[in-house]
Protein chains: 2
Amino acid sequence: MSRLSNRWLALGALLALLAAGAPASALTPTEILDASKPSEWRRIDPRHTLYMDLASGRVVIELAPGFAPNHTANIEALVRAGYFDHAFIVRSQDNFVVQWSQPDAAKPLGAAQRTLKAEFDRPIDPAVAFDRLPDPDTYAPDVGFAWGMPAARDPRLGRMWLAHCYGMVGAGRDDDADSGGGAELYAVDGEAPRQLDRNVTLVGRVLQGMELLSALPRGTGDQGFYKTAAERIPIERIRIAADVPAAERVDYEALKTDSPSFHALVEARRNRRNAWYKVQAGRIGICNVPLPVRAAAAAK
Amino acid sequence: MSRLSNRWLALGALLALLAAGAPASALTPTEILDASKPSEWRRIDPRHTLYMDLASGRVVIELAPGFAPNHTANIEALVRAGYFDHAFIVRSQDNFVVQWSQPDAAKPLGAAQRTLKAEFDRPIDPAVAFDRLPDPDTYAPDVGFAWGMPAARDPRLGRMWLAHCYGMVGAGRDDDADSGGGAELYAVDGEAPRQLDRNVTLVGRVLQGMELLSALPRGTGDQGFYKTAAERIPIERIRIAADVPAAERVDYEALKTDSPSFHALVEARRNRRNAWYKVQAGRIGICNVPLPVRAAAAAK
């Protein structure tokens, strides 16, 4: 039984028409992106985008207010209080996560709270688009994209949640479900640890600079924590993109996950037509789908 | 419909008996390993184990003669010819692979061949144990373990193959399916690129030292290749463990994937019982299963 939804079929047919007679699958991912229309891209909201500056460069994180509104607001309040200025990356566990926090316990929280009620998942809402992938997933009944991020849902439970894919950012916590809040954050940098789904609040994803985190030396302490303070990687500061002077800001845009070009890209990845591939997977995992991001064209 | 096989159920029941009344799921992974019996571990064959020495340490690779007998023999011939001595890691692509080769085109191949017929998959053989996982996989009808490595199979095709999980090692090739052979090797270091399954010959997996590869700086050239020779990471040498003087050798053993302790470990990962987890996944992906390796006890 095919799980391909009617919506996908309709968009696939539309794309085939748009592609001037060429089968959609004959286009390479680069050609698909090159042929995409400006209207197929969404501007990343600078009010919910973080710039984390390391000595090695900038990590750009898009927050997820649709899934974690309270954590998003709290992290923004922490950032505005300067909480993450002179913070540190304190953990790098191979094939799992990179984690950062503020070791200075006296650092003021500003308007933020230390802990928040968990936002592990949220209700499915017909008003929130869920662009479902057609292929089965090990961990959830449905997987796809919501607000441009990899997500899962269970119609039986009536709940949806962000998926722990490579590059996703979450709020660390202790054993108490409500002990997180965003003062300690992590980014996934190995095989998707999907067992964390619905157990921890995901707050966004890394748009740019993931390689600055994933290539860090692994910590040799328990769970990949750096054993000594000297091994920690300094974070110069974290700022909200909207607060950064325009001259220092890069506006990003992401390919909309409900766009014909995105659907064509997914299909080109499910069935790769270049000469190298001898067997088509005919499938794709939620965490294997590329989510194209580019610098936005300058405003006219 | 449960896909749990009778074999798993039988072993689960056995384990429950062995665990002196405690439910199997109440044991932590560490407790399961501590309680495992010597007979549940298999000695890694030093004749098919590679030691790759970098300035930063040693990467240990177990080859897979069961899946890739010709590539295994060819790689061993290359190693014995000193082909990889003073070779280089030439590529590190974020969330994909690290790759190494011998840039010196004049380096002798010894008894090895430059290219080999592909060994992308092999026949399913009732004599070859396949320890199937009970949970669905996006890419293949069945996933599990064969010869201790993550594998997939399709009973309809009558074929089985190694799965591109984190730490798996493969033989790079050009567009021609038979253009690999083992002179260029890669290790997977991101989200499992399962679309490569059955498209390239996997030859083994990294047992130890994966973090020495995964934490390398990402290449800034096309596909993560290092742009300049100076950026390449030198490989001092690769040797076969059996050829190394006993005093320099570490014998490893791996938990057998058909052992009660391994099945208990998988179950403890499918349903995590520690206080931190609020929701059990109840599932596990083939590439999320830990494959315990330890230094073997000294021979008596």
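This one's a predicted model, so the numbers in the text were calculated from it and none came from an experiment.

K.L.:
Can you tell me about helix α3 (residues 69-80) of chain B, naming the residues and giving the values?
P.N.:
Residue and element names in this part refer to chain B. The terminal C-alpha atoms of α3 lie 17 Å apart, and with 12 residues this matches the ideal 16 Å at 1.5 Å per residue to within 8%. Residues of α3 that are buried in the fold lie against β2 (49-54), β3 (57-63), β11 (168-171), β13 (201-208) and β14 (233-240). Directly beyond the C-terminal end of α3, a positive phi value near 75° is found at G82.

K.L.:
Requested: an account of the interface of chain B and chain A, with residues and values cited.
P.N.:
Taken together, the contact pairs 36 residues of chain B with 36 residues of chain A. Across the side of chain B that touches chain A, the residue classes break down as 16 nonpolar, eight polar and 12 charged.

K.L.:
Got a sec to walk through the domain arrangement of chain A? Specific residues and values, please.
P.N.:
Examined at the domain level, chain A breaks down into domain 1 (6-41 + 253-295) and domain 2 (46-250). Grouping the constituent residues of the side of domain 1 of chain A that touches domain 2 of chain A by class yields eight nonpolar, one polar and two charged.

K.L.:
So what's going on with the sheet that holds strand β2 (residues 49-54) of chain A? Residues and values would help.
P.N.:
Residues and elements named next belong to chain A. On the basis of which strands lie adjacent, the closed barrel formed by eight strands has the order β2-β3-β13-β11-β12-β5-β4-β14 and antiparallel pairing. Strand-to-strand, the axes of this sheet are offset by a mean angle of 35°, without reference to chain direction. In this structure, strand β3 (residues 57-63) lies alongside strand β13 (residues 201-208), joined through four bridges in antiparallel fashion. Residue pairing for β13: L63 is matched across the bridge by G204. The strands touched by helix α3 (residues 69-80) within the sheet are β2, β3, β11 (168-171), β13 and β14 (233-240), with β14 carrying the most contacts at an inclination of about 110°.

K.L.:
So what's going on with unusual backbone geometry? Which residues, and what values?
P.N.:
Unusually for a residue other than glycine, A:H86 sits at a positive phi of about 60°. Its location among the elements puts A:H86 in the loop between α3 and β4 (87-92). Of note in this structure, B:R198 is not a glycine but carries a positive phi near 70°.

K.L.:
Break down the sheet that holds strand β6 (residues 122-123) of chain B for me, with residues and values.
P.N.:
Residues and elements named next belong to chain B. Taken in spatial order, the five strands line up as β6-β10-β9-β8-β7 in an open sheet, and their pairing is antiparallel. Two strands close off the open sheet at either side, each with one partner strand: β6 and β7 (131-132). Pairing of strand β9 (residues 149-154) with strand β10 (residues 159-162), which is carried by four bridges, proceeds in the antiparallel orientation. Its bridge partner being in β10, A152 is matched across the sheet by W161.

Thresholds, definitions, all that
- Residues numbered from 1 in each chain as written.
- Chains lettered and ligands numbered in written order.
- Predicted model: local features only at pLDDT ≥ 70, side-chain atom pairs only at ≥ 80, totals over all residues.
- Helix = DSSP H or I, 4+ residues; strand = E, 2+ residues; numbered from the N terminus.
- Expected span 1.5 Å × (residues − 1).
- Contact = placed C-beta atoms within 7 Å.
- Nonpolar A, V, L, I, M, F, W, Y, C, P; charged D, E, K, R; others polar.
- Domains from an automatic or database assignment.
- Pairing = 2+ DSSP bridges.
- Axes fitted to C-alpha atoms, helices over the stretch in contact; angles between N-to-C directions.

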